[in-house]
Amino acid sequence: MPEARPLIALLTDFGERDSFVASMKGVILSINSSALLVDLSHQITSHQIQEAGYFLKSCYRYFPAGTIFVAVVDPGVGTERRALLVSAAGFLFVGPDNGLFTEILEQEVGAKVWQITDPQYRLETAGSTFDGRDVFAPAAAWLSKGVPPSFFGPTVQDPIRRSVAMPVWHEDVLIGKIASVDRFGNLISNITARQIREFRGVTGQSVEIHIGTYIINDLVGSYSQGHRQSPSALINSGGNLEIFLQEENAARCLQFAVGEEVRLC
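Residues numbered from 1 in each chain as written. Predicted model: local features only at pLDDT ≥ 70, side-chain atom pairs only at ≥ 80, totals over all residues. Heavy atoms only, no water.

Participant: Sorry, what's going on with the pairing of strand β11 (residues 214-217) here?
Facilitator: One face of the sheet, then the other: side chains in a regular strand alternate in exactly this way. Pairing analysis gives four bridges linking strand β10 (residues 208-211) to β11, with the strands arranged antiparallel. The residue bridging I211 from the neighbouring strand is Y214, located in β11. Linking β10 to β11, which pair antiparallel, is a turn of two residues; within it G212 sits at a positive phi near 60°. (Pairing = 2+ DSSP bridges. Helix = DSSP H or I, 4+ residues; strand = E, 2+ residues; numbered from the N terminus.)

Participant: Which parts of the structure should I look at to understand the side chain of D97?
Facilitator: Locating D97 in the fold gives a position in the loop between β5 (91-96) and α3 (102-107). Only 2.7 Å separates the side chain of D97 from the side chain of R82, close enough to count as a polar contact. A distance of 2.8 Å separates a polar side-chain atom of D97 from the backbone nitrogen of I160. Every residue in contact with D97, bar those within four places of it in the chain, is listed here: R81, R82, L84, P159 and I160. (Polar contact = N/O pair within 3.5 Å; in protein donor to acceptor, adjacent residues only side chain to side chain. Contact = heavy atoms within 4.5 Å.)

Participant: Is there a simple way to think about helix α1 (residues 20-31) in this case?
Facilitator: If you check α1, its first and last C-alpha atoms are 17 Å apart, about what twelve residues at 1.5 Å a residue would give, namely 16 Å. Listed in full, the buried residues belonging to α1 are V21, M24, V27, I28 and I31. Buried residues in α1, looked at end-on, bunch into an arc of 125°, giving them a common side. Structural note: α1 exposes A22 and S30 on the side pointing more than 90 degrees away from its buried face. Packed against the buried residues of α1 are β1 (7-12), β2 (36-41), β3 (68-72) and α4 (131-144). (Expected span 1.5 Å × (residues − 1). Buried < 20%, exposed > 50% of the residue type's maximum accessible area, 1.4 Å probe, protein only. Arc of directions from axis to C-beta.)

Participant: Whenever I open this one, unusual backbone geometry confuses me. Can you help?
Facilitator: Glycine aside, a negative phi is what most residues show, and trans is what most peptide bonds show. Of note, the phi angle at E171 is positive, near 55°, even though the residue is not glycine. Within the element layout of this structure, E171 appears in the loop between β7 (168-170) and β8 (173-181). Backbone geometry places E247, a non-glycine residue, at a positive phi of 55°. Position of E247 relative to the elements: it lies in the loop between β13 (240-244) and α6 (250-254).

Participant: Explain the pattern of salt bridges to me, please; I cannot follow it from the model alone.
Facilitator: It is possible for side chains bearing opposite charge to pair when their charged atoms get close. One pass over the full model with this rule turns up 14 salt bridges. A salt bridge links D18 to R17; its shortest N-O distance comes to 2.8 Å. Residue D18 is classed as partly exposed on the basis of its relative accessible area of 37%. Its salt-bridge partner being R200, residue D218 comes within 2.6 Å of it at the nearest N-O pair. (Salt bridge = Lys/Arg side-chain N within 4 Å of Asp/Glu carboxyl O.)

Participant: Sorry, what's going on with the packing of aromatic side chains here?
Facilitator: Two aromatic rings, taken as a pair, are described by how far apart their centres are and by the angle between their planes. Under the counting rule described, the total for this entry stands at 15 aromatic pairs. Where W169 meets F199, the ring centres are 5.8 Å apart and the plane angle is 15°; that geometry is what we call stacked. Separated by 30 residues along the polypeptide, W169 in strand β7 and F199 in helix α5 (residues 193-203) bring together distant segments of the chain. Sitting above the plane of the F184 ring, R183 keeps its charged end 5.2 Å from the centroid. (Phe/Tyr/Trp six-rings, centres within 6.5 Å; stacked < 30°, edge-to-face > 60°. Lys NZ or Arg CZ within 6 Å of the ring centre and 35° of its normal.)

Participant: How should the sheet that holds strand β4 (residues 83-88) be read in this particular structure?
Facilitator: Within a sheet, neighbouring strands are paired by backbone hydrogen bonds and run either parallel or antiparallel to one another. Judged by pairing direction, the sheet is mixed, and its six strands sit side by side in the order β2-β1-β3-β5-β4-β6 without closing on themselves. A single partner strand is all that each edge strand has here, and the edge strands are β2 and β6 (112-115). Along the sheet, successive strands turn relative to each other by an average axial angle of 20°, direction set aside. Taken together, the five bridges between β1 and β2 define a ladder with parallel strand orientation. Paired with I8 across the two strands is L37, which belongs to β2. Across the sheet, α1 is in contact with β1, β2 and β3; its angle to β1 comes to roughly 160°. Lying on the sheet, helix α2 (residues 49-59) is in contact with β1, β2, β3 and β5; it crosses β2 at an angle near 125°. (Axes fitted to C-alpha atoms, helices over the stretch in contact; angles between N-to-C directions.)

These values are about where atoms sit, not about what they do.
Following this line, the structure appears as structure tokens:
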């Protein structure tokens, strides 16, 4: 059997208009021409670390073991913020120390973190505005050639973690928030299927979902069972409570966004 090519997956807020992503790919392939590059997305909203963290959390487990993820949403580029290398659950992650890897660090027991400091695994450049090309891309490429993570720099015990909102109980009400809005305008909450089962066990009744002034009576099984004029809810394939309008953009039509409160009553 032929040896598998090392897989490097890229996630950025760079878009595709400029040379940023192409430059990162060029650096990686110059170091390891056998690397297989996969674009996760380059359409993360500019500077939105939370959005990038949620995106990465939602997809990394579906990749082959050994995949190297390069995640660059980095409003602090050029400052004293550290460049990180994370090893977790058989995957490697490279990116800025700004909370982007919070979900990975919280979900994966035994994650190890290093700071990327060794200059031999970085590019020498005059400026400091493009660590995606100069730090993270070469680090990923050298990792794909088998360089151990410990060679890149010292271990890190205190990587930055964002505050991630979790659903909370208030008497007999479970209160969550909209955590993401997908390209269809569906509103994805941080309430999980397990928490809904627990809610039903506590209250002994069907789920009544409140968002804004809307009340949704229990869940449907598919988008086709929803309505165009009023919101419906289901458990999506990621295991989260999702609120939608059938074949309409719920975020735009209902004027809800990330952070909107969702209550199970």
